Amino acid sequence: MKPADAGKTPHLPHILVVGGAGYIGSHMVKRLRRAGYQPVVLDNLSQGRRDAVGPAQLIVGELGDDSVLDVIFQAWPIAAVMHFASYIQVGESVAQPATYYENNVSNTVALLRAMVRHNVPRFIFSSTAAVFGNPDYVPIDERHPKAPINPYGHSKLMVEQILGDFDAAYALRSCCLRYFNAAGADPEGELGECHEPETHLIPLVLQAASGRRAAITVYGRDYDTPDGTCIRDYIHVQDLCDAHLLALEGLLDGAGSSRFNLGNGAGYSIDQVIAAARRVTGRDIVVLDGPRRPGDPARLVADPQLARDVLGWTPQYGDLDAIIAHAWAWEQQYQRWGRGLLPHAGPAANAASMLASDGGERRRQDRRA
Ligand SMILES: NC(=O)c1ccc[n+]([C@@H]2O[C@H](COP(=O)([O-])OP(=O)(O)OC[C@H]3O[C@@H](n4cnc5c(N)ncnc54)[C@H](O)[C@@H]3O)[C@@H](O)[C@H]2O)c1
Ligand SMILES: O=c1ccn([C@@H]2O[C@H](COP(=O)(O)OP(=O)(O)O[C@H]3O[C@H](CO)[C@H](O)[C@H](O)[C@H]3O)[C@@H](O)[C@H]2O)c(=O)[nH]1
């Protein structure tokens, strides 16, 4: 199987993209549109950006709101759901577990129940390497024991388990895609990563390169790795989108439920990432040394063989410099235009008036309270 390409017959099915205004979800929405699908986005804008959705349908609303979900499933013939919406910060999940279990688990169950109510039988879930906890071995394959070490990882593993039960009880077929470290940006420069607050290494290193922040702090130099810094498997957001498209095609073709680890299968240390960023940007980057960040495993590297064999997935951006180059182009756009003033920003064609409930700012305030 190959990912559906631009130019393929238009008007493929409607796909509900929950969290489609966020970093990975917005790239997926663009990819779906290019492939001829009709994405419908549900996002509460607690992190996502209205302009990142482009001309796709945007419903501003809560994932766990039955009335919103019922209206969406009645309004559009949704063939499958892609679920990107969750809270994603490991440290915050330790401090606020209730918030994480509520949003990542309870609200997801509400979505799944709505799918069962409306006979929508296909689901693609954004899972994470965090379901494995501190790995017993690397590269990590799908058989590796699941032992999360924080509420974020637990919440994702719970949903994986719930999906197994929904398959058995309701024939809801699902594909869990466990991303390792999502990175990079739309090669066309329209979309990229802009979490608030940003906690991910590559965007922070590039903010230090652009001058948006003074320095990057390396969290620990005493790990059992060749240079003492943590090793991660960085996977380009476009490659993640390709995997989703393949998973979607599989489910539409009648495939059963499945779970895949998504990474390049190559690990880079923090020092290697900083060196690559210096190479790509040509800028000096000030580096500070800090203590370990609690809960960071020394090494997380995927074994992506199953996704290659079963989905036919071939990542295009295995080269760290290419991943960083796209993220750097995005950082420079941000420098030029600022948040909310990007060149592609325009009035979102959305159904917000139908279901107005812009809980975004309220959510942000709740979480900071
Ligand atoms: N970024 C990574 O490296 C990474 C790695 C592994 C897994 N993941 C998973 O991938 C998914 C997407 O990650 P991301 O980096 O794009 O995150 P993101 O925060 O940029 O996107 C999540 C989106 O979901 C929305 N959202 C959150 N709660 C919602 C709710 N209750 N109702 C409606 N919308 C809601 C947010 O507004 C945001 O637009 C997440 O589920 C995350 O756990 C990400
Ligand atoms: O300012 C920083 C930020 C990060 N790091 C280090 O860089 C590495 C990568 O950190 P990220 O925060 O970019 O990514 P994580 O590996 O912590 O987290 C990623 O993988 C997790 C699974 O383990 C979750 O899925 C999460 O959403 C996803 O971003 C870690 O060793 C971290 O300690 C620094 O040294 N300085």
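Under an unreviewed UniProt entry, the name given to the chain is UDP-glucose 4-epimerase, and the source organism is Duganella aceris. You can read under Cofactor (unreviewed entry) in the UniProt record for the chain the words "NAD(+)". The Subunit (unreviewed entry) field of the UniProt record for the chain holds the comment "Homodimer."

S.K.: Would you mind going over the site of ligand 2 in detail, with residue names and values included?
M.R.: Around ligand 2, the structure places 19 residues, and the nearest of them are Thr128, Ala130, Leu201, Tyr219 and Cys230. Element by element, the count of residues in the shell around ligand 2 is highest for strand S8 (residues 216-219), at four residues. Looking at the shell around ligand 2 residue by residue, the classes come out as 11 nonpolar, five polar and three charged.

S.K.: Account for the site of ligand 1, naming residues and giving values.
M.R.: Neighbouring residues of ligand 1: 27 residues in total, closest Gly19, Gly22, Gly48, Leu63 and Ala182. In terms of residue count, helix H1 (residues 23-35) provides more of the shell around ligand 1 than any other element does, three residues in total. Considered class by class, the residues forming the shell around ligand 1 number 11 nonpolar, 14 polar and two charged.

S.K.: Give me the lowdown on the UniProt feature "domain: NAD-dependent epimerase/dehydratase" (unreviewed entry) in the chain, citing residues and values where you can.
M.R.: When the UniProt feature table is mapped onto this chain numbering, "domain: NAD-dependent epimerase/dehydratase" (unreviewed entry) sits at residues 15-263. For residues 15-263, the end-to-end C-alpha separation is 24 Å, with 39% helix and 20% strand making up the annotated structure.

S.K.: Outline the sheet that holds strand S9 (residues 231-232), supporting the account with residue identities and numerical values.
M.R.: Taken together, three strands build an open sheet; the order of strands is S12-S9-S14 and the sheet is mixed. Looking along the sheet, the strands with just one partner apiece sit at the ends: strand S12 (268-269) and strand S14 (299-300). Two strands pair when backbone bridges link them, and S9 and S14 are joined in this way by two bridges, in the parallel orientation. Along S14, the bridge assignment pairs isoleucine 231 with arginine 299.

S.K.: Explain the nonpolar core residue by residue, including any values.
M.R.: In terms of nonpolar packing, the biggest core is built from 109 residues, with Val41, Leu177, Val205, Leu262 and Ile324 touching the most fellow members. Ignoring sequence-local partners within four residues, the contact set of valine 205 consists of Ile216, Val273, Ile274, Ala277 and Ile285.

S.K.: Tell me about the environment of aspartate 321, and name the residues and values.
M.R.: With respect to the helices and strands, the residue aspartate 321 is situated in helix H10 (residues 320-337). Residue class for aspartate 321 comes out exposed when judged on the 12 C-beta atoms lying within 10 Å of it. Through-space distance from the C-alpha of aspartate 321 to that of arginine 278 is 10.0 Å; in sequence the pair is 43 residues apart. If we skip the residues at most four places from it in the chain, aspartate 321 touches Ala276, Arg279 and Val280.

S.K.: Describe the sheet that holds strand S5 (residues 122-128), listing the residues and the values that go with them.
M.R.: Pairing is parallel in the open sheet, where seven strands are placed in the order S3-S2-S1-S4-S5-S6-S11. Across the chains shown, the open sheet's two edge strands, defined by having one partner strand only, are strand S3 (57-60) and strand S11 (258-262). In this sheet, neighbouring strand axes are inclined to one another by 20° on average, regardless of whether the strands run parallel or antiparallel. Here S5 pairs with strand S6 (residues 173-179) via seven bridges, running parallel. What sits directly across from isoleucine 124, in S6, is cysteine 175.

S.K.: I'd like a rundown of H10, residues and numbers included.
M.R.: An ideal rise of 1.5 Å per residue puts 26 Å on 18 residues; H10 measures up with 26 Å between its terminal C-alpha atoms. Listed in full, the buried residues belonging to H10 are Leu320, Ile323, Ile324, Ala325, His326, Ala327, Trp328, Trp330, Glu331 and Tyr334. For H10, the secondary structure elements touched by its buried residues are strand S7 (181-183), helix H6 (201-210), strand S10 (234-236), S12 and helix H8 (270-281).

S.K.: A description of the packing of helix H4 (residues 97-117) against helix H5 (residues 151-170) should follow, citing residues and the corresponding values.
M.R.: One can describe the packing of H4 onto H5 by two numbers: an axis separation of 9 Å at closest approach and a directional angle of 20°. Here H4 lies roughly parallel to H5, going by the angle between them. Once H4 is placed against H5, the crossing between them reads as right-handed. Residue-level contacts link Pro97, Tyr100, Tyr101, Asn104, Val105, Thr108, Val109, Leu112 and Val116 of H4 to Pro151, Tyr152, Ser155, Lys156, Met158, Val159, Ile162, Phe166 and Tyr170 of H5.

S.K.: Can you explain the confidence of the model for the chain? Please cite residues and give values.
M.R.: Here the chain shows a mean pLDDT of 91. Residues at 70 or above account for 89%. A low-confidence stretch, residues 1-8 stays under pLDDT 50, and its non-local contacts, those more than four residues away or across chains, total 17 contacts. Low confidence marks residues 341-369, where pLDDT is under 50. Its contacts with residues over four positions away, or in another chain, come to 43 contacts. Interface scoring of the predicted complex returns ipTM 0.98; its pTM is 0.93.

S.K.: Just give me the short version of unusual backbone geometry, but keep the residues and values in it.
M.R.: A cis amide bond links valine 138 with the next residue in sequence, proline 139, at an omega value of -5°. Relative to the helices and strands, proline 139 is located in the loop between S5 and H5. At the junction of glutamate 196 and proline 197, the peptide bond is cis and its omega measures out at 0° in the coordinates. Its location among the elements puts proline 197 in the loop between S7 and H6. Unlike most non-glycine residues, asparagine 119 shows phi in positive territory, near 55°. Along the chain, the position of asparagine 119 falls in the loop between H4 and S5. With 11 C-beta atoms packed within 10 Å, asparagine 119 lands in the exposed category. A positive phi angle, close to 55°, is found at alanine 171, a residue other than glycine.

Reading guide: rules and limits
- Residues numbered from 1 in each chain as written.
- Chains lettered and ligands numbered in written order.
- Predicted model: local features only at pLDDT ≥ 70, side-chain atom pairs only at ≥ 80, totals over all residues.
- UniProt positions renumbered as here; feature names shortened; annotations may be inferred.
- Near = placed C-beta within 6 Å.
- Helix = DSSP H or I, 4+ residues; strand = E, 2+ residues; numbered from the N terminus.
- Nonpolar A, V, L, I, M, F, W, Y, C, P; charged D, E, K, R; others polar.
- Pairing = 2+ DSSP bridges.
- Core = buried A, V, L, I, M, F, W, Y, C linked by C-beta atoms within 7 Å.
- Buried ≥ 20, exposed ≤ 12 C-beta atoms within 10 Å, placed from the backbone.
- Contact = placed C-beta atoms within 7 Å.
- Axes fitted to C-alpha atoms, helices over the stretch in contact; angles between N-to-C directions.
- Expected span 1.5 Å × (residues − 1).
- Parallel < 35°, antiparallel > 145°, perpendicular 65-115°, else oblique.
- Left-handed = near helix turned anticlockwise from the far one by under 90°.
- pLDDT = per-residue confidence, 0-100.

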